[in-house]
Amino acid sequence: MNTSESLADLVAAEDVLLFVNAAITATGQREFRSGDSGAMDQQLSLDFLHTYVRVNYRRVYAASLALDINDHNAARIVLALLESAGEASADERRVEGRLIAARLAMLPPQRVYRLFGAVRRAGINNRRTRAIMRDWLAARPDLGHDAVKYRSGVKTAARHVHLRCPPGAEPLPEVGAFLFRPGKLPRYAHPLLDAWRRAHYEQGAVAELPFTVAEGFAARHGMKRAVFLERAAPRMTRLERLRTQEQRAVEGLGPDADLAVMPLTRLALYVLALPFEQRVARRAELTGALRTAARRAAGGHAGSWGRVHAVLDDSFSSSGSGQKRRRPLAVALACHYLLEALAAPCAYRGLWTSGRDDALLVRPWGPTPLGMRILDALEPGPGGGEPDGSGDGEQDGPVGAGPGGTEPGGTEPDGPRSTAPDRLVIVSDGWDNAPAGLAGEVLRVWRQRLDPGRRTAVVHLNPVYDAGGFDVRRLTTGVPTAGIRDAEDLPALVEIARFAEGRTGTAELYAYLDRRVARFTGEGDGS
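Quick summary incoming for the structure in this document.

**Concerning the overall build of the protein chain**
Next, step 1: A count of helical and extended segments in the protein chain gives 22 helices and seven strands.
Next, step 2: Taking all 527 residues of the protein chain together, the buried fraction comes to 51%.
Next, step 3: On the protein chain, roughly 22900 Å² of surface is accessible, and the fraction owed to carbon and sulfur atoms is 53%.

Here you go:
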(Lines give C-alpha, C1' and ligand atoms only; values in the text may rest on other atoms or scores of the structure.)
Protein backbone atom coordinates (compact mmCIF):
# COMPACT_ATOMS: atom_id res chain seq x y z
CA MET A 1 0.00 0.00 0.00
CA ASN A 2 1.44 3.42 -0.95
CA THR A 3 1.72 6.44 1.31
CA SER A 4 -1.36 8.21 -0.05
CA GLU A 5 -3.51 5.10 0.50
CA SER A 6 -2.17 4.72 4.04
CA LEU A 7 -2.93 8.37 4.78
CA ALA A 8 -6.44 7.99 3.37
CA ASP A 9 -7.04 4.94 5.56
CA LEU A 10 -5.82 6.82 8.63
CA VAL A 11 -8.09 9.80 7.88
CA ALA A 12 -11.07 7.49 7.34
CA ALA A 13 -10.46 5.65 10.61
CA GLU A 14 -10.12 8.94 12.50
CA ASP A 15 -13.33 10.28 10.95
CA VAL A 16 -15.22 7.13 11.95
CA LEU A 17 -13.93 7.14 15.52
CA LEU A 18 -14.61 10.86 15.86
CA PHE A 19 -18.24 10.28 14.91
CA VAL A 20 -18.60 7.27 17.20
CA ASN A 21 -17.25 9.29 20.14
CA ALA A 22 -19.74 12.07 19.41
CA ALA A 23 -22.64 9.62 19.00
CA ILE A 24 -21.85 8.07 22.38
CA THR A 25 -21.42 11.25 24.45
CA ALA A 26 -23.31 14.13 22.78
CA THR A 27 -27.00 14.53 23.58
CA GLY A 28 -27.58 18.09 22.38
CA GLN A 29 -27.50 19.37 25.97
CA ARG A 30 -25.25 21.83 27.81
CA GLU A 31 -21.97 20.66 29.31
CA PHE A 32 -20.06 22.16 32.25
CA ARG A 33 -17.82 24.41 30.13
CA SER A 34 -20.19 25.15 27.26
CA GLY A 35 -21.95 28.25 28.66
CA ASP A 36 -25.45 29.40 27.80
CA SER A 37 -25.09 28.59 24.11
CA GLY A 38 -23.85 25.06 24.76
CA ALA A 39 -27.00 23.24 23.66
CA MET A 40 -27.14 25.11 20.35
CA ASP A 41 -23.42 24.54 19.80
CA GLN A 42 -23.88 20.82 20.31
CA GLN A 43 -26.81 20.70 17.91
CA LEU A 44 -24.85 22.50 15.20
CA SER A 45 -21.81 20.31 15.82
CA LEU A 46 -23.90 17.14 15.61
CA ASP A 47 -25.69 18.37 12.47
CA PHE A 48 -22.34 18.73 10.73
CA LEU A 49 -20.97 15.37 11.90
CA HIS A 50 -24.10 13.42 10.97
CA THR A 51 -24.21 14.95 7.49
CA TYR A 52 -20.46 14.52 6.91
CA VAL A 53 -20.35 10.86 7.94
CA ARG A 54 -23.62 9.95 6.20
CA VAL A 55 -22.43 11.41 2.89
CA ASN A 56 -18.85 10.09 3.03
CA TYR A 57 -19.19 6.85 5.00
CA ARG A 58 -22.81 5.77 4.71
CA ARG A 59 -21.97 2.13 5.47
CA VAL A 60 -20.30 3.16 8.73
CA TYR A 61 -23.08 5.63 9.49
CA ALA A 62 -25.67 2.85 9.37
CA ALA A 63 -23.41 0.40 11.22
CA SER A 64 -23.21 2.86 14.12
CA LEU A 65 -26.72 1.74 15.06
CA ALA A 66 -25.15 -1.54 16.20
CA LEU A 67 -22.70 0.23 18.54
CA ASP A 68 -23.24 1.57 22.05
CA ILE A 69 -24.34 5.02 20.92
CA ASN A 70 -26.94 6.95 22.89
CA ASP A 71 -30.64 7.06 22.02
CA HIS A 72 -30.54 10.69 20.89
CA ASN A 73 -28.07 9.97 18.12
CA ALA A 74 -29.62 6.61 17.24
CA ALA A 75 -32.91 8.36 16.50
CA ARG A 76 -31.09 10.98 14.40
CA ILE A 77 -29.36 8.26 12.37
CA VAL A 78 -32.63 6.43 11.72
CA LEU A 79 -34.30 9.64 10.55
CA ALA A 80 -31.36 10.55 8.29
CA LEU A 81 -31.22 7.08 6.72
CA LEU A 82 -34.95 7.10 5.98
CA GLU A 83 -34.79 10.64 4.62
CA SER A 84 -31.87 9.87 2.28
CA ALA A 85 -32.90 6.40 1.14
CA GLY A 86 -32.47 7.46 -2.50
CA GLU A 87 -28.71 7.77 -1.94
CA ALA A 88 -28.33 4.09 -0.99
CA SER A 89 -28.13 1.01 -3.18
CA ALA A 90 -30.65 -1.81 -2.90
CA ASP A 91 -28.24 -3.92 -0.80
CA GLU A 92 -27.50 -0.98 1.48
CA ARG A 93 -31.22 -0.34 1.99
CA ARG A 94 -31.77 -3.98 2.98
CA VAL A 95 -29.00 -3.85 5.58
CA GLU A 96 -30.20 -0.47 6.81
CA GLY A 97 -33.74 -1.75 7.15
CA ARG A 98 -32.60 -4.61 9.40
CA LEU A 99 -30.45 -2.26 11.48
CA ILE A 100 -33.28 0.26 11.85
CA ALA A 101 -35.76 -2.43 12.91
CA ALA A 102 -33.32 -3.85 15.47
CA ARG A 103 -32.52 -0.41 16.89
CA LEU A 104 -36.16 0.67 17.09
CA ALA A 105 -36.87 -2.45 19.13
CA MET A 106 -34.28 -1.25 21.68
CA LEU A 107 -35.36 2.39 21.91
CA PRO A 108 -37.83 3.57 24.56
CA PRO A 109 -41.31 3.78 23.01
CA GLN A 110 -41.71 7.49 23.74
CA ARG A 111 -38.56 8.23 21.74
CA VAL A 112 -39.76 6.08 18.85
CA TYR A 113 -43.08 7.92 18.76
CA ARG A 114 -41.21 11.24 18.72
CA LEU A 115 -39.13 9.87 15.86
CA PHE A 116 -42.28 8.93 13.95
CA GLY A 117 -43.51 12.47 14.48
CA ALA A 118 -40.28 13.79 12.95
CA VAL A 119 -40.71 11.38 10.04
CA ARG A 120 -44.18 12.79 9.38
CA ARG A 121 -42.97 16.41 9.63
CA ALA A 122 -40.16 15.63 7.20
CA GLY A 123 -42.66 14.21 4.71
CA ILE A 124 -40.98 10.78 4.53
CA ASN A 125 -43.80 8.56 3.37
CA ASN A 126 -42.36 5.92 1.05
CA ARG A 127 -43.42 2.29 1.18
CA ARG A 128 -40.28 1.17 3.02
CA THR A 129 -40.75 3.72 5.79
CA ARG A 130 -44.41 2.84 6.25
CA ALA A 131 -43.51 -0.87 6.44
CA ILE A 132 -40.91 -0.19 9.15
CA MET A 133 -43.41 1.82 11.16
CA ARG A 134 -46.19 -0.76 10.72
CA ASP A 135 -43.90 -3.61 11.79
CA TRP A 136 -42.85 -1.73 14.91
CA LEU A 137 -46.47 -0.91 15.83
CA ALA A 138 -47.50 -4.51 15.20
CA ALA A 139 -44.79 -5.71 17.58
CA ARG A 140 -46.00 -3.53 20.45
CA PRO A 141 -47.35 -5.77 23.24
CA ASP A 142 -50.42 -3.60 23.93
CA LEU A 143 -51.39 -0.86 21.51
CA GLY A 144 -54.24 0.13 23.82
CA HIS A 145 -51.73 0.92 26.56
CA ASP A 146 -49.71 3.01 24.08
CA ALA A 147 -52.82 4.84 22.97
CA VAL A 148 -53.44 5.96 26.55
CA LYS A 149 -49.83 6.73 27.52
CA TYR A 150 -48.54 8.10 24.18
CA ARG A 151 -51.80 9.24 22.65
CA SER A 152 -50.51 11.92 20.29
CA GLY A 153 -47.61 9.74 19.16
CA VAL A 154 -49.82 6.76 18.32
CA LYS A 155 -52.29 9.04 16.57
CA THR A 156 -49.55 10.62 14.43
CA ALA A 157 -48.04 7.23 13.52
CA ALA A 158 -51.42 5.69 12.68
CA ARG A 159 -52.27 8.57 10.36
CA HIS A 160 -48.90 8.50 8.65
CA VAL A 161 -48.89 4.79 7.83
CA HIS A 162 -52.66 4.66 7.17
CA LEU A 163 -53.05 2.06 9.91
CA ARG A 164 -56.30 0.23 9.41
CA CYS A 165 -58.42 -1.14 12.23
CA PRO A 166 -60.56 -3.85 10.63
CA PRO A 167 -63.42 -5.45 12.57
CA GLY A 168 -62.36 -8.50 14.53
CA ALA A 169 -58.77 -7.30 15.04
CA GLU A 170 -59.22 -6.37 18.70
CA PRO A 171 -58.31 -4.03 20.23
CA LEU A 172 -57.52 -2.03 17.07
CA PRO A 173 -61.11 -0.90 16.33
CA GLU A 174 -61.42 0.46 19.87
CA VAL A 175 -58.03 2.11 19.62
CA GLY A 176 -59.12 3.81 16.41
CA ALA A 177 -62.32 5.02 18.05
CA PHE A 178 -60.39 6.18 21.12
CA LEU A 179 -57.90 8.16 19.04
CA PHE A 180 -60.05 9.62 16.30
CA ARG A 181 -63.64 9.52 17.65
CA PRO A 182 -63.34 10.18 21.40
CA GLY A 183 -66.58 10.12 23.33
CA LYS A 184 -68.49 8.18 20.69
CA LEU A 185 -68.42 4.86 22.57
CA PRO A 186 -70.22 4.68 25.95
CA ARG A 187 -67.57 2.26 27.23
CA TYR A 188 -64.53 0.30 26.06
CA ALA A 189 -63.76 -3.39 26.38
CA HIS A 190 -60.06 -2.67 26.74
CA PRO A 191 -59.52 -2.04 30.48
CA LEU A 192 -57.06 0.85 30.10
CA LEU A 193 -59.17 2.68 27.55
CA ASP A 194 -62.20 2.37 29.81
CA ALA A 195 -60.15 3.38 32.87
CA TRP A 196 -59.14 6.57 31.04
CA ARG A 197 -62.83 7.28 30.31
CA ARG A 198 -63.87 6.67 33.93
CA ALA A 199 -60.92 8.61 35.41
CA HIS A 200 -62.50 11.87 34.26
CA TYR A 201 -65.14 11.53 36.97
CA GLU A 202 -64.11 8.53 39.12
CA GLN A 203 -61.10 8.87 41.43
CA GLY A 204 -60.78 5.11 41.89
CA ALA A 205 -59.98 4.64 38.19
CA VAL A 206 -56.88 6.84 38.40
CA ALA A 207 -54.71 4.08 39.89
CA GLU A 208 -55.51 1.81 36.93
CA LEU A 209 -53.80 4.14 34.45
CA PRO A 210 -50.11 4.39 33.49
CA PHE A 211 -48.25 6.53 36.01
CA THR A 212 -47.56 9.56 33.79
CA VAL A 213 -51.20 9.72 32.72
CA ALA A 214 -52.49 9.10 36.22
CA GLU A 215 -50.47 12.03 37.62
CA GLY A 216 -52.56 14.52 35.66
CA PHE A 217 -55.84 12.99 36.79
CA ALA A 218 -54.61 12.81 40.40
CA ALA A 219 -53.89 16.54 40.36
CA ARG A 220 -57.31 17.19 38.84
CA HIS A 221 -59.00 15.22 41.62
CA GLY A 222 -56.84 16.82 44.35
CA MET A 223 -55.37 13.51 45.55
CA LYS A 224 -52.59 13.63 48.14
CA ARG A 225 -49.21 12.77 46.63
CA ALA A 226 -48.37 10.03 49.15
CA VAL A 227 -51.72 8.31 48.67
CA PHE A 228 -51.44 8.56 44.91
CA LEU A 229 -47.91 7.09 44.84
CA GLU A 230 -48.94 4.17 47.03
CA ARG A 231 -51.87 3.33 44.76
CA ALA A 232 -49.93 3.87 41.53
CA ALA A 233 -46.83 1.84 42.53
CA PRO A 234 -47.98 -1.49 41.00
CA ARG A 235 -48.38 0.12 37.56
CA MET A 236 -45.10 2.07 37.49
CA THR A 237 -42.34 1.13 35.10
CA ARG A 238 -38.92 0.35 36.57
CA LEU A 239 -37.54 3.82 35.78
CA GLU A 240 -40.66 5.56 37.09
CA ARG A 241 -40.34 3.62 40.33
CA LEU A 242 -36.65 4.50 40.57
CA ARG A 243 -37.30 8.21 40.01
CA THR A 244 -39.94 8.42 42.73
CA GLN A 245 -37.89 6.32 45.15
CA GLU A 246 -34.78 8.42 44.55
CA GLN A 247 -36.76 11.57 45.31
CA ARG A 248 -38.13 10.07 48.51
CA ALA A 249 -34.69 8.93 49.67
CA VAL A 250 -33.08 12.31 48.97
CA GLU A 251 -35.90 14.03 50.86
CA GLY A 252 -35.24 11.75 53.82
CA LEU A 253 -38.50 9.84 53.50
CA GLY A 254 -36.83 6.44 53.76
CA PRO A 255 -34.34 4.31 51.83
CA ASP A 256 -36.98 2.41 49.89
CA ALA A 257 -35.26 2.35 46.48
CA ASP A 258 -34.81 -1.13 45.06
CA LEU A 259 -31.05 -0.99 44.58
CA ALA A 260 -30.83 -4.57 43.32
CA VAL A 261 -32.43 -3.73 39.96
CA MET A 262 -30.63 -0.43 39.28
CA PRO A 263 -28.15 -0.35 36.38
CA LEU A 264 -24.64 0.59 37.51
CA THR A 265 -24.48 4.18 36.21
CA ARG A 266 -28.01 4.90 37.39
CA LEU A 267 -27.09 3.53 40.81
CA ALA A 268 -24.02 5.78 40.92
CA LEU A 269 -26.23 8.80 40.17
CA TYR A 270 -28.55 7.74 42.97
CA VAL A 271 -25.66 7.43 45.45
CA LEU A 272 -24.24 10.84 44.53
CA ALA A 273 -27.66 12.46 45.04
CA LEU A 274 -27.71 11.31 48.67
CA PRO A 275 -26.36 13.57 51.44
CA PHE A 276 -23.05 12.48 52.99
CA GLU A 277 -24.82 11.49 56.21
CA GLN A 278 -27.03 8.99 54.39
CA ARG A 279 -24.07 7.60 52.42
CA VAL A 280 -22.16 6.95 55.65
CA ALA A 281 -25.17 5.47 57.44
CA ARG A 282 -25.94 3.16 54.49
CA ARG A 283 -22.31 2.39 53.58
CA ALA A 284 -22.60 -1.41 53.59
CA GLU A 285 -25.87 -1.39 51.63
CA LEU A 286 -24.71 1.10 48.98
CA THR A 287 -21.25 -0.44 48.54
CA GLY A 288 -22.73 -3.92 48.23
CA ALA A 289 -25.25 -2.72 45.64
CA LEU A 290 -22.54 -0.98 43.59
CA ARG A 291 -20.34 -4.07 43.60
CA THR A 292 -23.24 -6.31 42.65
CA ALA A 293 -24.22 -4.04 39.77
CA ALA A 294 -20.56 -3.87 38.67
CA ARG A 295 -20.23 -7.66 38.61
CA ARG A 296 -23.43 -7.88 36.61
CA ALA A 297 -22.10 -5.32 34.11
CA ALA A 298 -18.71 -7.05 33.86
CA GLY A 299 -20.31 -10.35 32.90
CA GLY A 300 -17.87 -12.75 31.29
CA HIS A 301 -15.06 -10.18 31.42
CA ALA A 302 -14.95 -10.26 35.23
CA GLY A 303 -11.47 -10.87 36.62
CA SER A 304 -9.88 -11.08 33.17
CA TRP A 305 -8.07 -7.74 32.91
CA GLY A 306 -5.14 -8.49 35.18
CA ARG A 307 -3.60 -5.66 37.16
CA VAL A 308 -5.67 -2.48 36.61
CA HIS A 309 -4.95 1.06 37.79
CA ALA A 310 -7.44 3.87 37.25
CA VAL A 311 -7.23 7.66 37.41
CA LEU A 312 -10.69 9.03 38.15
CA ASP A 313 -11.74 12.66 37.80
CA ASP A 314 -13.68 14.15 40.72
CA SER A 315 -12.66 17.75 40.04
CA PHE A 316 -15.22 20.56 40.13
CA SER A 317 -16.00 20.16 36.41
CA SER A 318 -17.32 16.65 37.13
CA SER A 319 -20.41 18.33 38.60
CA GLY A 320 -21.71 18.55 35.02
CA SER A 321 -24.36 21.04 33.92
CA GLY A 322 -27.92 21.80 34.94
CA GLN A 323 -29.13 19.31 32.34
CA LYS A 324 -26.53 16.64 33.18
CA ARG A 325 -26.17 17.10 36.91
CA ARG A 326 -23.24 15.08 38.33
CA ARG A 327 -23.21 12.86 35.25
CA PRO A 328 -19.40 12.90 34.68
CA LEU A 329 -18.74 12.10 38.33
CA ALA A 330 -21.34 9.31 38.31
CA VAL A 331 -19.64 7.74 35.28
CA ALA A 332 -16.29 7.88 37.09
CA LEU A 333 -17.75 6.33 40.25
CA ALA A 334 -19.44 3.56 38.26
CA CYS A 335 -16.21 2.88 36.33
CA HIS A 336 -14.36 2.65 39.66
CA TYR A 337 -16.46 -0.31 40.79
CA LEU A 338 -16.65 -1.86 37.32
CA LEU A 339 -12.86 -1.78 36.89
CA GLU A 340 -12.48 -3.50 40.26
CA ALA A 341 -14.76 -6.27 38.97
CA LEU A 342 -12.84 -6.51 35.68
CA ALA A 343 -9.41 -6.65 37.36
CA ALA A 344 -7.87 -9.78 38.79
CA PRO A 345 -8.73 -10.37 42.48
CA CYS A 346 -7.11 -7.70 44.70
CA ALA A 347 -5.31 -6.23 41.64
CA TYR A 348 -7.18 -2.95 41.26
CA ARG A 349 -6.09 0.48 42.38
CA GLY A 350 -8.17 3.63 41.96
CA LEU A 351 -6.78 7.16 42.29
CA TRP A 352 -9.10 10.17 42.47
CA THR A 353 -7.79 13.51 41.24
CA SER A 354 -8.77 15.17 44.53
CA GLY A 355 -6.68 12.67 46.50
CA ARG A 356 -9.71 11.29 48.33
CA ASP A 357 -9.49 7.71 49.48
CA ASP A 358 -13.18 6.99 50.04
CA ALA A 359 -15.03 6.35 46.78
CA LEU A 360 -18.45 6.46 48.40
CA LEU A 361 -17.96 10.05 49.60
CA VAL A 362 -16.57 11.63 46.45
CA ARG A 363 -17.90 15.02 45.43
CA PRO A 364 -17.01 17.51 42.66
CA TRP A 365 -14.20 19.62 44.08
CA GLY A 366 -10.96 21.36 43.14
CA PRO A 367 -8.74 21.42 40.03
CA THR A 368 -7.79 18.51 37.76
CA PRO A 369 -4.21 17.32 38.47
CA LEU A 370 -4.37 14.44 36.01
CA GLY A 371 -0.64 14.48 35.35
CA MET A 372 0.24 13.96 39.00
CA ARG A 373 -2.27 11.15 39.40
CA ILE A 374 -1.04 9.44 36.22
CA LEU A 375 2.50 9.56 37.61
CA ASP A 376 1.22 7.91 40.79
CA ALA A 377 -0.57 5.23 38.77
CA LEU A 378 2.32 4.42 36.42
CA GLU A 379 5.30 4.71 38.76
CA PRO A 380 4.01 4.58 42.34
CA GLY A 381 6.78 5.05 44.86
CA PRO A 382 6.46 4.38 48.57
CA GLY A 383 3.30 6.02 49.83
CA GLY A 384 1.90 6.42 46.31
CA GLY A 385 2.11 10.20 46.27
CA GLU A 386 -1.20 10.78 48.05
CA PRO A 387 -1.33 14.06 49.98
CA ASP A 388 -1.64 13.78 53.72
CA GLY A 389 -5.08 14.29 55.15
CA SER A 390 -6.85 13.98 51.81
CA GLY A 391 -9.14 11.21 52.97
CA ASP A 392 -12.85 11.82 53.15
CA GLY A 393 -13.90 9.43 55.83
CA GLU A 394 -13.71 5.81 56.85
CA GLN A 395 -12.46 3.27 54.33
CA ASP A 396 -14.62 1.63 51.73
CA GLY A 397 -13.28 -1.93 51.99
CA PRO A 398 -11.18 -3.42 49.19
CA VAL A 399 -12.54 -1.07 46.55
CA GLY A 400 -11.74 2.21 48.30
CA ALA A 401 -8.00 2.69 47.95
CA GLY A 402 -6.30 3.78 51.15
CA PRO A 403 -3.76 6.60 51.45
CA GLY A 404 -1.28 5.68 48.76
CA GLY A 405 -3.74 3.60 46.80
CA THR A 406 -3.31 0.17 48.38
CA GLU A 407 -6.25 -1.75 49.69
CA PRO A 408 -6.89 -0.80 53.34
CA GLY A 409 -4.77 -2.91 55.63
CA GLY A 410 -2.91 -4.68 52.83
CA THR A 411 -0.38 -4.41 50.01
CA GLU A 412 -0.62 -4.76 46.30
CA PRO A 413 -0.58 -8.44 45.33
CA ASP A 414 1.80 -8.71 42.42
CA GLY A 415 5.16 -7.68 43.80
CA PRO A 416 6.77 -4.34 44.64
CA ARG A 417 4.96 -1.04 44.49
CA SER A 418 6.93 0.02 41.40
CA THR A 419 5.33 -2.69 39.26
CA ALA A 420 3.49 -1.13 36.33
CA PRO A 421 -0.14 -2.12 35.74
CA ASP A 422 -1.35 -4.24 32.83
CA ARG A 423 -3.95 -1.57 32.10
CA LEU A 424 -4.26 2.09 32.96
CA VAL A 425 -7.75 3.56 32.51
CA ILE A 426 -8.26 7.34 32.79
CA VAL A 427 -11.84 8.56 33.25
CA SER A 428 -11.88 12.34 32.86
CA ASP A 429 -13.19 15.22 30.76
CA GLY A 430 -9.55 15.79 29.72
CA TRP A 431 -9.17 19.34 31.10
CA ASP A 432 -5.79 18.76 32.75
CA ASN A 433 -5.01 22.06 34.52
CA ALA A 434 -2.83 21.49 37.58
CA PRO A 435 -0.40 22.06 35.90
CA ALA A 436 -1.85 22.34 32.42
CA GLY A 437 -0.59 19.80 29.89
CA LEU A 438 1.32 17.61 32.34
CA ALA A 439 -0.86 14.54 31.72
CA GLY A 440 -0.17 14.54 27.98
CA GLU A 441 3.57 14.98 28.52
CA VAL A 442 3.74 12.20 31.11
CA LEU A 443 1.91 9.81 28.80
CA ARG A 444 4.09 10.79 25.83
CA VAL A 445 7.34 10.17 27.68
CA TRP A 446 6.00 6.96 29.20
CA ARG A 447 4.95 5.57 25.84
CA GLN A 448 8.01 6.67 23.86
CA ARG A 449 10.83 6.05 26.36
CA LEU A 450 9.71 3.92 29.28
CA ASP A 451 7.19 1.56 27.69
CA PRO A 452 7.76 1.47 23.91
CA GLY A 453 6.71 -2.18 23.90
CA ARG A 454 3.29 -1.19 25.23
CA ARG A 455 3.32 -3.61 28.16
CA THR A 456 0.80 -1.30 29.82
CA ALA A 457 -2.36 -0.68 27.81
CA VAL A 458 -3.50 2.91 28.36
CA VAL A 459 -6.94 4.24 27.42
CA HIS A 460 -8.71 7.52 28.18
CA LEU A 461 -12.50 7.46 28.56
CA ASN A 462 -14.19 10.86 28.33
CA PRO A 463 -17.85 11.38 29.34
CA VAL A 464 -18.04 14.98 28.03
CA TYR A 465 -18.50 16.05 24.40
CA ASP A 466 -16.54 19.09 23.18
CA ALA A 467 -18.75 20.75 20.55
CA GLY A 468 -15.99 23.08 19.40
CA GLY A 469 -13.65 20.20 18.60
CA PHE A 470 -16.37 17.90 17.20
CA ASP A 471 -15.05 15.20 19.53
CA VAL A 472 -14.27 14.40 23.14
CA ARG A 473 -11.17 16.17 24.46
CA ARG A 474 -7.97 14.11 24.20
CA LEU A 475 -4.92 14.07 26.48
CA THR A 476 -2.30 13.24 23.85
CA THR A 477 -2.13 11.75 20.36
CA GLY A 478 -0.36 8.60 21.54
CA VAL A 479 -3.16 7.45 23.86
CA PRO A 480 -6.54 6.29 22.47
CA THR A 481 -9.57 8.23 23.68
CA ALA A 482 -13.16 7.00 23.57
CA GLY A 483 -16.35 8.75 24.57
CA ILE A 484 -18.40 7.13 27.31
CA ARG A 485 -21.90 7.81 28.57
CA ASP A 486 -22.70 4.70 30.64
CA ALA A 487 -20.03 2.79 32.54
CA GLU A 488 -21.68 -0.48 31.48
CA ASP A 489 -20.30 0.10 27.96
CA LEU A 490 -16.69 0.32 29.18
CA PRO A 491 -15.46 -3.11 27.93
CA ALA A 492 -16.80 -2.51 24.42
CA LEU A 493 -15.44 1.04 24.32
CA VAL A 494 -11.95 -0.09 25.34
CA GLU A 495 -12.11 -2.57 22.46
CA ILE A 496 -13.06 0.03 19.85
CA ALA A 497 -10.59 2.59 21.26
CA ARG A 498 -7.66 0.46 20.08
CA PHE A 499 -8.45 1.49 16.51
CA ALA A 500 -7.50 5.06 17.46
CA GLU A 501 -3.87 4.06 18.10
CA GLY A 502 -3.11 3.92 14.38
CA ARG A 503 -1.76 0.37 14.51
CA THR A 504 -4.74 -1.10 12.67
CA GLY A 505 -6.14 -0.06 9.32
CA THR A 506 -9.62 0.57 8.02
CA ALA A 507 -9.94 -3.07 6.96
CA GLU A 508 -9.79 -4.21 10.58
CA LEU A 509 -12.16 -1.44 11.65
CA TYR A 510 -14.71 -2.35 8.98
CA ALA A 511 -14.40 -6.04 9.87
CA TYR A 512 -15.12 -5.16 13.50
CA LEU A 513 -18.17 -3.12 12.49
CA ASP A 514 -19.42 -5.96 10.27
CA ARG A 515 -19.19 -8.38 13.19
CA ARG A 516 -21.12 -5.99 15.41
CA VAL A 517 -23.80 -5.54 12.73
CA ALA A 518 -24.15 -9.30 12.24
CA ARG A 519 -24.50 -9.87 15.96
CA PHE A 520 -26.91 -6.93 16.37
CA THR A 521 -29.25 -8.03 13.57
CA GLY A 522 -29.11 -11.70 14.58
CA GLU A 523 -27.41 -12.85 11.39
CA GLY A 524 -24.29 -14.22 13.06
CA ASP A 525 -22.61 -14.75 16.39
CA GLY A 526 -20.38 -11.72 15.84
CA SER A 527 -17.24 -13.67 16.54
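**A short note on the sheet that holds strand β2 (residues 348–352)**
Next, step 1: In spatial order, the strands read β2-β1-β3-β4-β7; together these five strands make up an open sheet with parallel pairing. In this open sheet, the two edge strands, each paired with only one partner strand, are β2 and β7 (481–483). Here the average twist between neighbouring strands, direction ignored, is 20°.
Next, step 2: As paired elements, strand β4 (residues 457–462) and β7 share three bridges and run parallel to each other.

**Some words on the packing of aromatic side chains**
Next, step 1: Following the criterion strictly, the structure yields 10 aromatic pairs and no others.
Next, step 2: With 5.5 Å between their ring centres and 40° between their planes, Phe19 and Tyr61 make a pair best called tilted. You can see Phe19 sitting in helix α1 (residues 3–25) and its partner Tyr61 sitting in helix α3 (residues 58–63), a full 42 residues away along the chain.
Next, step 3: A residue is classified by how much of its surface remains accessible, and Phe19, at 1% relative accessible area, is buried.
Next, step 4: According to the relative accessible area criterion, Tyr61 is buried, its value standing at 0%.
Next, step 5: For the pair Tyr52 and Tyr57, a centre-to-centre distance of 6.3 Å together with 70° between the ring planes defines the contact as edge-to-face.
Next, step 6: Overall, Tyr57 belongs to the buried group, its relative accessible area being 15%.
Next, step 7: These aromatic residues form a ring-pair network of at least three members: Tyr113, Phe116, Trp136 and Tyr150.
Next, step 8: Positioned above the aromatic ring of Phe178 is the side chain of Arg151, whose terminal nitrogen or guanidinium carbon lies 4.5 Å from the ring centre.

**Examining the environment of Arg327**
Next, step 1: Looking at the element boundaries, Arg327 is found in helix α18 (residues 327–342).
Next, step 2: Given the relative accessible area of 15%, Arg327 is considered buried.
Next, step 3: Separated by 62 residues in the primary sequence, Arg327 and Thr265 place their C-alpha atoms 8.8 Å from one another.
Next, step 4: From its side chain, Arg327 meets the backbone oxygen of Arg485 in a polar contact 3.0 Å long.

**Examining the pairing of strand β3 (residues 423–427)**
Next, step 1: Most of β3 sits out of view: four of its five residues are buried.
Next, step 2: Examined bridge by bridge, strand β1 (residues 308–312) and β3 share five bridges and lie parallel to one another. Residue pairing across strands places His309 opposite Leu424, the latter belonging to β3.
Next, step 3: The pairing of β3 with β4 spans five bridges and is classified as parallel. Looking at β4, one finds that Leu424 is bridged to Val458.

**Let's talk about helix α9 (residues 151–160)**
Next, step 1: Buried residues of α9: Gly153, Val154, Ala157, Ala158 and His160, and no others. End-on, the buried residues of α9 take up no more than an arc of 165°, which puts them together on one face.
Next, step 2: Directly after α9, the chain includes His162, whose backbone phi takes a positive value near 55°.

**Things to note about the packing of helix α4 (residues 71–83) against helix α5 (residues 90–106)**
Think of two packed helices as two axes; the pair is described by the angle between the axes and how far apart they sit.
Next, step 1: For the pair α4 and α5, the least separation of the axes is 11 Å and the interaxial angle reads 145°. Crossing angle aside, the handedness with which α4 passes α5 is left-handed. Residues Asp71, Ala74, Val78, Leu81 and Leu82 of α4 lie in contact with α5, whose contacting residues are Glu96, Ile100, Arg103 and Leu104.
Next, step 2: A class-by-class count of the residues in the contact of α4 with α5 yields six nonpolar, no polar and three charged.

Parameters at a glance
Residues numbered from 1 in each chain as written. Predicted model: local features only at pLDDT ≥ 70, side-chain atom pairs only at ≥ 80, totals over all residues. Heavy atoms only, no water. Helix = DSSP H or I, 4+ residues; strand = E, 2+ residues; numbered from the N terminus. Buried < 20%, exposed > 50% of the residue type's maximum accessible area, 1.4 Å probe, protein only. Areas by Shrake-Rupley, 256 points an atom, 1.4 Å probe, with all protein chains shown as cover. Pairing = 2+ DSSP bridges. Axes fitted to C-alpha atoms, helices over the stretch in contact; angles between N-to-C directions. Phe/Tyr/Trp six-rings, centres within 6.5 Å; stacked < 30°, edge-to-face > 60°. Lys NZ or Arg CZ within 6 Å of the ring centre and 35° of its normal. Polar contact = N/O pair within 3.5 Å; in protein donor to acceptor, adjacent residues only side chain to side chain. Arc of directions from axis to C-beta. Left-handed = near helix turned anticlockwise from the far one by under 90°. Contact = heavy atoms within 4.5 Å. Nonpolar A, V, L, I, M, F, W, Y, C, P; charged D, E, K, R; others polar.

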